[in-house]
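A look at the structure
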Amino acid sequence: QQQVKQSPQSLIVQKGGISIINCAYENTAFDYFPWYQQFPGKGPALLIAIRPDVSEKKEGRFTISFNKSAKQFSLHIMDSQPGDSATYFCAASNFGNEKLTFGTGTRLTIIP
Amino acid sequence: DVKVTQSSRYLVKRTGEKVFLECVQDMDHENMFWYRQDPGLGLRLIYFSYDVKMKEKGDIPEGYSVSREKKERFSLILESASTNQTSMYLCASREGGVGGYSGNTIYFGEGSWLTVV
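Quick summary incoming for the structure in this document. (Residues numbered from 1 in each chain as written. Chains lettered and ligands numbered in written order. Predicted model: local features only at pLDDT ≥ 70, side-chain atom pairs only at ≥ 80, totals over all residues. Heavy atoms only, no water.)

**Let's talk about the state of the cysteines**
Residues and elements named next belong to chain B. Using the criterion set out here, one finds two disulfides over all chains in the structure. With its sulfur 1.9 Å from that of its partner, Cys-23 forms a disulfide with Cys-91. In this structure the cystine formed by Cys-23 and Cys-91 twists about its S-S bond by roughly -80°; its chirality is therefore left-handed. Taken together, the residues Cys-23 in strand S4 (residues 23–25) and Cys-91 in strand S10 (residues 87–94) connect sequence positions 68 residues apart. Across the pair, Cys-91 and Cys-23 agree in class, each one buried. (Disulfide = S-S within 2.5 Å. Helix = DSSP H or I, 4+ residues; strand = E, 2+ residues; numbered from the N terminus. Buried < 20%, exposed > 50% of the residue type's maximum accessible area, 1.4 Å probe, protein only.)

This is the structure we're talking about:
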């Protein structure tokens, strides 16, 4: 059972544009929602994370938007750059549970 | 600087062989994890350990076992490798024991690419 559904599977965006990746979850006990970024040949690395007590978190060009009632959260990359080309994973976990459940990943390509 | 080291980056093994994937972290983290990454399936948890000699099954433990004799080292074992275990395996670690703060960052190694022929 896929507890975190991620879309799209792949995304092509022009340089300078906005990249948007969406995730939906089922488990209402989830209370931590990170996004991981993975470059080819590397392991995933934490990019940004949010807790459900806020609806938005921004770090530089990266923003997480969170909609608790809809059980959805999304990653927005403003002014997308070729260096942002990577695979992005959303994830979720809940307090007291050591496991992190990942989405299926989105391969983002930024074209000049 | 945080470091999770997977000693073998690329392995080719034959069906039926016993395979050991080793992982070492230098952050004194209590939690360690083994994930498997496949295209279109994301990262799936195989096993995790919240303390030395302690382990719990993840979502896809069948065909795998683990060993954690020392806090810094977590090994994944394929008792009898099969072709459907061809994949990239990711080791990770995180601060915090059982019931700990779920928001602590998970740090990943660079992955071990395993091909079973």
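Read on, since the account is not over.
**A look at the packing of aromatic side chains**
Residue and element names in this part refer to chain A. Inspection of every chain in the model, using the stated rule, returns 18 aromatic pairs over all chains. Consider the rings of Tyr-25 and Phe-73, whose centres lie 6.2 Å apart with planes at 55°: the pair is tilted. On the criterion of sequence distance, the pair formed by Tyr-25 in strand S3 (residues 19–25) and Phe-73 in strand S8 (residues 72–77) is long-range, its members being 48 residues apart. Exposure remark for Tyr-25: the relative accessible area of 6% places this residue in the buried category. Assessed through its relative accessible area of 1%, Phe-73 is described here as buried. Ring centres of Phe-33 and Phe-73 lie 4.9 Å apart, and the angle between their planes is 55°; on these two criteria the pair is classed as tilted. (Phe/Tyr/Trp six-rings, centres within 6.5 Å; stacked < 30°, edge-to-face > 60°.)

**Thoughts on the pattern of salt bridges**
Side chains carrying opposite charge are able to pair once their charged atoms draw close together. Residues and elements named next belong to chain B. Under the criterion given, the structure shown has ten salt bridges over all chains. Of the charged contacts, one joins Glu-110 and Arg-9 as a salt bridge, the two residues approaching to 3.0 Å between their closest N and O atoms. One end of the pair, Glu-110, is in the loop between strand S11 (107–108) and strand S12 (112–116); the other, Arg-9, is in the loop between strand S1 (4–6) and strand S2 (10–13), with 101 residues separating them in the sequence. For Glu-110, a relative accessible area of 32% translates into the label partly exposed. Of the charged contacts in the structure, one is a salt bridge between Asp-38 and Arg-36, with a shortest N-O distance of 2.8 Å. (Salt bridge = Lys/Arg side-chain N within 4 Å of Asp/Glu carboxyl O.)

**Overview of the pairing of strand S5 (residues 31–38) of chain B**
Residues and elements named next belong to chain B. The buried fraction of S5 is high, at eight of eight residues. What you see with S5 is no split at all: Asn-31, Phe-33, Tyr-35 and Gln-37 on one side and Met-32, Trp-34, Arg-36 and Asp-38 on the other are buried throughout. Taken together, the seven bridges between S5 and S10 define a ladder with antiparallel strand orientation. Its bridge partner lying in S10, Tyr-35 is registered against Leu-90. When S5 meets strand S6 (residues 42–51), the two strands line up antiparallel, connected through seven bridges. Its bridge partner being in S6, Phe-33 is matched across the sheet by Phe-48. Following S5, the chain reverses through three residues before pairing antiparallel with S6; Gly-40 in that reversal takes a positive phi of roughly 80°. (Pairing = 2+ DSSP bridges.)

Keep in mind these values describe shape, not function.
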